[in-house]
Amino acid sequence: MRMNLKQWLIKYKFLHIGMWSVVMAFSFITYYNPATSIFSQIANVVTVNSLEAIPFYFAAYVMVPRLLYKRKFVAFVISFILLIVVMGLSTLFITRIVDHLTTHAKTIIPDWKTLGPSVNLFIWNTVLASFGASSLKILSDRFRLEKRLNVVEKEKINAELSFLRSQINPHFLFNVMNTIYFQIDKTNTDARLSIEKFSEMLRYQLYECTTDKIQIHKELLYIQNYVAIQTLRMEKGSDIRLDIGEGIADFHIAPLLILPIVENAFKHVSTFKETGKNKIHLTVRTMDEHILLIEALNTYDQTNGEKHLLQTGGLGIQNIKRRLELLYPDKHELNINKNGDTYQTILKLQYDD
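Here is a short report on the structure shown in this document. Think of each chain on its own: its residues are numbered from 1, step by step along the sequence as written. At least 70 in pLDDT is required for a residue's local features to be given in this predicted model, at least 80 for side-chain atom pairs to be given and counted, and no such filter applies to totals for whole chains, interfaces and linings, which use all residues. Only hydrogens and water are removed before side-chain values are computed, so all heavy atoms of the structure are retained for them.

## Thoughts on the packing of helix H6 (residues 189-208) against helix H7 (residues 216-233)
Now for step 1: For helices, the fitted line uses only the C-alpha atoms of the stretch in contact; every axis is such a line through C-alpha atoms, and the angle between N-to-C directions lies from 0 to 180 degrees. Think of it this way: any DSSP run of H or I at least four residues long counts as a helix, any run of E at least two long counts as a strand, and we number them from the N terminus. Two elements in contact, H6 and H7, have axes whose closest approach is 10 Å; the angle formed by their N-to-C orientations is 145°. Crossing hand, H6 versus H7: left-handed. Residues Asp190, Ser194, Lys197, Phe198, Glu200, Met201, Tyr204, Gln205 and Glu208 of H6 touch H7, and the partners they reach there are Lys218, Glu219, Tyr222, Asn225, Tyr226, Ala228, Ile229 and Leu232.
Now for step 2: Residue polarity follows a fixed list, in which Ala, Val, Leu, Ile, Met, Phe, Trp, Tyr, Cys and Pro are nonpolar, Asp, Glu, Lys and Arg are charged, and the others, Gly among them, are polar. In terms of residue class, the contact of H6 with H7 is made up of eight nonpolar, three polar and six charged. Put simply, a crossing is left-handed when the front helix is turned counterclockwise from the back one by less than a right angle, and right-handed when it is turned clockwise. Note on contacts: a residue pair is in contact if any heavy atoms of the two residues lie within 4.5 Å.

So this is what it looks like as C-alpha cells:
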C-alpha cells in the first residue's frame, strides 16, 4: 500500500535527518577542542559525517540488495573493501582541505607522523558506517519479511477455511455436470463441449489449486477453458482473441492469479449492436529476464458510467492487487489504461523458476 506524504516524510526524511543530527552532535562533543575555532570544528564534523553518509547508503541500498541478497559473496566482499579504502582516503584528504581553508594550520598533504593515525581513524569510521548500514538494512528487511509472511500465512489460513466451507457445492456441481454431460444428446456438440470445459474448470479448482503455486501451463489451460465458455455466450461476430505465446517456460505461478484480469474483460465488455465492435483481446507471453506479460484489452460502453466504476474499482481488480502485494512484492507491475472506448489491463510478473 502506498504511503501518504506525511508518512513518507516521517519515515524517510525526518528519521534520517534526526539520526545524522545526533551523530554530528556526538562527534562534535567527542572531539571538541577549546583551542580550535568553533567554526572550524563544525565544518569538520559536517564534512566528515556528510562523506560517511556515502558508504552508509551505498552499502545499505546498493551492495546488500544487489550483491549480498543475490549471493554474490565474492563481489560483495571486494566491493566492501574497495568502498572502505576509497572512502576512507577520500574523507581524510577532503577533511584536511576543509581544515586548511578554515584554520590555515594544516597542510593539505599530511606528514608521515600523522598519516598513519589519520588513515586508521577514517578507515575505521568508514568500516563502522558501512557495516552498521548493512546490519540495519538486513535487520529491517528481515523484520519486514517476517511481517509479510505472517500476513500471507493468515490470509492463506482464511482462504483454506473458506475453501473448505465451499467445497461441498463444487463437488456437487462437478458430479452433476458429469451426469448432465451423458444426458445431452451427442448431436448437441456445443452443449457437450461447454459441460466438458466447465467440468475441467471445476476439477482444476478442486484438485489442482491446493498448493501455493502451480505450473503455468495448467493455469493457462484453465484460462483457455474459461475463454471458450465465455465466447459461447457472446454474440456471434464478437472479436474475441486469446493469444498465448509459444515457448513459455515451465515455471510456477500462484493459482487463479490471471483469472480476475480475463474475467474483468468479459464482465465489462461493450454490447454494441454491431457485434464486430465488441472486442476482447487477451495476450499471455514471456519477456526477457523472467517476466510474464498478461494483457487484456476490451471495448466498453462510454455511456454507462457504472461499468466504468466497476472496472476500475471492482472486487476482482482489488483482489488481484492485494494478492500481488503479498505474493509478489516488488516483482510485479499492474497498469490499467483507458483510451477512448477501450480499456487495457497490463500485468508484468517476475517469476523465480
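From this point, things continue past the structure.
## Regarding the packing of helix H2 (residues 38-68) against helix H3 (residues 73-103)
A pair of packed helices can be characterised by two numbers: the angle between their axes and the separation between those axes.
Now for step 1: Relative orientation of the contacting elements H2 and H3 amounts to 165°, with a least axis distance of 10 Å. Taken as axis vectors, H2 and H3 run roughly antiparallel relative to one another. As for how H2 packs across H3, the hand of that crossing is right-handed.
Now for step 2: Grouping the amino acids of the contact of H2 with H3 by side-chain chemistry returns 20 nonpolar, eight polar and two charged. Throughout this description, any angle smaller than 35 degrees is read as roughly parallel, any larger than 145 degrees as roughly antiparallel, any in the 65 to 115 degree range as roughly perpendicular, and the remainder as oblique.

## Concerning empty space enclosed by the protein
Now for step 1: Here a cavity means grid points, on a 1 Å grid over the protein atoms only, where a 1.4 Å probe fits yet cannot get out; a pocket means an open set of points with protein on both sides within 12 Å along at least five of seven lines; lining residues are those with an atom within 4 Å of a point. Grid points are joined across faces, edges and corners, and a volume is the space filled by probe spheres set on the points. Overall, the coordinates contain one cavity of 30 Å³ or more when judged by the stated rule.
Now for step 2: Reported here for the largest cavity is a volume of approximately 30 Å³.
Now for step 3: Taken together, Ile223, Ile258, Val262, Leu282, Thr283, Val284, Ile294 and Glu295 make up the full set of residues lining the largest cavity.
Now for step 4: Mapped onto the lining of the largest cavity, the elements with two or more residues apiece are strand S4 (279-287) and strand S5 (291-299).
Now for step 5: In terms of residue count, the dominant contributor to the lining of the largest cavity is S4 (three residues).
Now for step 6: A breakdown of the residues in the lining of the largest cavity according to their chemical character gives six nonpolar, one polar and one charged.

## Side note on the pattern of salt bridges
Now for step 1: Put simply, a salt bridge is a Lys or Arg side-chain nitrogen that is within 4 Å of an Asp or Glu carboxyl oxygen. Applying the stated criterion to the full structure yields six salt bridges.
Now for step 2: With a closest N to O distance of 3.6 Å, Lys277 and Glu274 form a salt bridge.
Now for step 3: Under the scheme applied here, a residue whose accessible area is under 20% of the maximum for its type counts as buried, over 50% as exposed, and between as partly exposed, the area being computed with a 1.4 Å probe on protein chains only. The class for Lys277 is partly exposed, based on a relative accessible area of 49%.
Now for step 4: Connected through shared salt-bridge partners, Lys137, Asp141 and Arg144 make up one network.

## Some points on the packing of aromatic side chains
Now for step 1: Between 30 and 60 degrees the pair is tilted, below 30 it is stacked and above 60 it is edge-to-face, where a pair is any two Phe, Tyr or Trp rings, Trp via its six-membered ring, whose centres lie within 6.5 Å. Scanning all chains against the criterion turns up six aromatic pairs.
Now for step 2: Here Phe56 and Tyr57 contribute two aromatic rings whose centre-to-centre distance is 5.1 Å and whose plane-to-plane angle is 80°, an arrangement assigned as edge-to-face.
Now for step 3: The exposure class of Tyr57 is partly exposed, given its relative accessible area of 25%.
Now for step 4: Both rings, one in Tyr57 and one in Tyr61, keep their centres 6.1 Å apart while their planes meet at 15°; by these two values the pair is stacked. You can see Tyr57 and its partner Tyr61 sitting in helix H2, four residues apart, about one turn around the helix.
Now for step 5: Site record: aromatic cluster; members linked through ring pairs are Phe56, Tyr57 and Tyr61.

## A short note on a nonpolar patch on the surface
Now for step 1: Surface patches are drawn from residues lacking salt bridges whose relative accessible area is over 30%; two like charges belong together within 9 Å, two nonpolar side chains (Val, Leu, Ile, Met, Phe, Trp, Tyr) within 5 Å. For accessible areas, the Shrake-Rupley method is used with a probe of radius 1.4 Å. Any residue's cover is judged against the shown protein chains and nothing else. Taken together, the side chains of Val77, Ile81, Val85, Val86, Leu89 and Phe93 present a nonpolar region at the surface, about 470 Å² in accessible area.
Now for step 2: Given a relative accessible area of 32%, Phe93 falls into the partly exposed group.

## Quick word on the environment of Gln224
Now for step 1: Note that Gln224 resides in helix H7.
Now for step 2: Looking at Gln224, the relative accessible area reads 37%, which means it is partly exposed.
Now for step 3: Through-space distance from the C-alpha of Gln224 to that of Met201 is 9.8 Å; in sequence the pair is 23 residues apart.
Now for step 4: When sequence neighbours within four positions are dropped, the list of residues in contact with Gln224 reads Leu242 and Ile244.

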